[in-house]
Amino acid sequence: MRAGIVGMGRYLPEKIVTNQDLEKIMDTTDEWIRTRTGIEERRIAADDVNTSDMAFAAAQKAIQDAGITAEEIDLILVATVTPDSPFPSVACRIQERLGAKKAAAMDVSAACAGFMYGIITAKQFIESEDYKYVLVVGVEKLSKITDWNDRNTAVLFGDAAGAAIIGPVSENRGILSFELGADGTGAKHLYQDEYIIMNGREVFKFAVRQMGESCVHVLEKAGLTKEDVDFLIPHQANIRIMEASRQRLELPEEKMSKTVNKYGNTSSASIPISLVEELEAGKIKDDDLIVMVGFGGGLTWGAIAMRWGK
Ligand code: UT7
């Protein structure tokens, strides 16, 4: 028996901040942001909308999409580096609001790779048959730890939430292989002091190398080749990093999800919100081979090869 994604949902804040809006408040240009990152606009959550509010909204949709009730959820894993407060966890906050009475709940801290870490943790509980349904949420309110005076980082990030219900799926579908990794020696390149501090060039080099390698590794582990891939969902940090992964897999442009232009880098939310976008656009079909790959502060990384469908 294999675990897979049986339902999905997302929440995007209404407020759109364009590159032109940023030109007015800092020394930057739309041209620089677009050509260096691919970002055109991002969503920023209202002051009174916290991380758990976004997580709750996305989770409700995922539960509905899966056709289950909150009472059936055994475990809630929330991948975030921007919890409402260090404790209680965002997972506990939404457990109460969802009415997921029997669910155990905890947050996962793996930065932009958090959703990959969450899904793979969920998979272990399901395939061991200890649990049936796990809610995994990737959510960030990065705007609250962004230094709006630092143009090196402020132009990159956005707020959002994406959620998935992980459960047992039919034969030949679900998670075929994965890779998770960490390299704490790179912690100095991307961390939070009061605000996000980043050595962009170092993270860029790491990301290009790691994303490509992880994609190749998960295909090898699943006994598949580049030709088998139907769709690539890379972490949406920078179009140039994403393009490097796409080229490594020799995929045509239309087989890679690109939402970074509309939502910026939403860290752990970027992969699930992109998945929902592609599902709604009808670009992912049952039995398609999907590769998801993320990297982030830690440094951390994770990739999954999955045969889509319940
Ligand atoms: O989820 C993981 C999170 N992090 C990432 O994925 C980040 C990975 N890194 C990157 O995406 C890129 O390194 C950046 C987009 C952050 C920067 O792009 P870059 O091509 O590596 O630029 P750079 O840092 O080498 O900076 C080039 C120039 C600098 O000016 P000088 O020193 O050459 O005169 C910067 O000061 O661009 C300048 N610059 C800006 N100019 C206008 C940096 N930020 C901006 C800005 N607007 N917002």
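Analysis parameters
- Residues numbered from 1 in each chain as written.
- Predicted model: local features only at pLDDT ≥ 70, side-chain atom pairs only at ≥ 80, totals over all residues.
- Heavy atoms only, no water.
- Salt bridge = Lys/Arg side-chain N within 4 Å of Asp/Glu carboxyl O.
- Helix = DSSP H or I, 4+ residues; strand = E, 2+ residues; numbered from the N terminus.
- Buried < 20%, exposed > 50% of the residue type's maximum accessible area, 1.4 Å probe, protein only.
- Domains from an automatic or database assignment.
- Contact = heavy atoms within 4.5 Å.
- Buried area = accessible area lost by both parts, 1.4 Å probe.
- Polar contact = N/O pair within 3.5 Å; in protein donor to acceptor, adjacent residues only side chain to side chain.
- Pairing = 2+ DSSP bridges.
- Axes fitted to C-alpha atoms, helices over the stretch in contact; angles between N-to-C directions.

### Thoughts on the pattern of salt bridges
For step 1, the next point in the chain: Within the structure shown, the criterion is met by 17 salt bridges.
For step 2, the next point in the chain: With a closest N to O distance of 2.7 Å, arginine 10 and glutamate 277 form a salt bridge. In this pair, arginine 10 is assigned in strand β1 (residues 2-11) and glutamate 277 in helix α10 (residues 270-280), connecting sequence segments 267 residues apart.
For step 3, the next point in the chain: A residue is classified by how much of its surface remains accessible, and arginine 10, at 14% relative accessible area, is buried.
For step 4, the next point in the chain: Of the charged contacts, one joins arginine 151 and aspartate 27 as a salt bridge, the two residues approaching to 3.5 Å between their closest N and O atoms. In this pair, arginine 151 is assigned in helix α6 (residues 151-154) and aspartate 27 in the loop between α1 (19-25) and α2 (30-37), connecting sequence segments 124 residues apart.

### Quick notes on the domain arrangement of the protein chain
For step 1, the next point in the chain: On domain assignment, one finds that the protein chain holds domain 1 (2-169) and domain 2 (174-307).
For step 2, the next point in the chain: One C-alpha centre belongs to domain 1, the other to domain 2, and the line joining them spans 16 Å.
For step 3, the next point in the chain: Listed by partner, the interface residues are 51 residues for domain 1 and 47 residues for domain 2.
For step 4, the next point in the chain: Of the roughly 3,900 Å² buried at the junction of domain 1 and domain 2 (both faces included), carbon and sulfur atoms supply 68%.
For step 5, the next point in the chain: Applying the counting rule to domain 1 against domain 2 returns two salt bridges.
For step 6, the next point in the chain: Across the domain 1-domain 2 interface, the total number found is 19 residue pairs in polar contact (both at pLDDT 80 or more).

### Observations concerning the sheet that holds strand β7 (residues 159-169)
For step 1, the next point in the chain: Taken together, five strands build an open sheet; the order of strands is β1-β7-β6-β4-β5 and the sheet is mixed. Every interior strand has two partners, whereas the edge strands, β1 and β5 (104-108), have only one. Going from strand to strand, the sheet's axes swing by 20 degrees on average, the running direction of each strand aside.
For step 2, the next point in the chain: Here β1 runs beside β7; their pairing, made up of nine bridges, is antiparallel. Pairing of glycine 4 across the sheet is with glycine 167, part of β7.
For step 3, the next point in the chain: Set on the sheet, helix α5 (residues 114-127) makes contact with β1, β4 (75-79), β5, β6 (134-141) and β7; between it and β6 the angle comes to about 170 degrees.

### Some points on the sheet that holds strand β11 (residues 231-234)
Through backbone hydrogen bonds, the strands of a sheet pair up, either in parallel or in antiparallel fashion.
For step 1, the next point in the chain: Read across the sheet, four strands follow the order β8-β13-β12-β11 without closing on themselves; strand pairing throughout is mixed. Strands at the two margins of the open sheet, each flanked by one partner only, are β8 (174-182) and β11. Each strand of the sheet is rotated relative to its neighbour by a mean of 10 degrees, with strand direction disregarded.
For step 2, the next point in the chain: Here α5 sits on the sheet and contacts β8, β12 (289-296) and β13 (300-307); the angle it forms with β8, its principal contact strand, is near 125 degrees.
For step 3, the next point in the chain: Seen against the sheet, helix α7 (residues 200-221) touches β8, β11, β12 and β13 and runs at an angle of roughly 150 degrees to β12.

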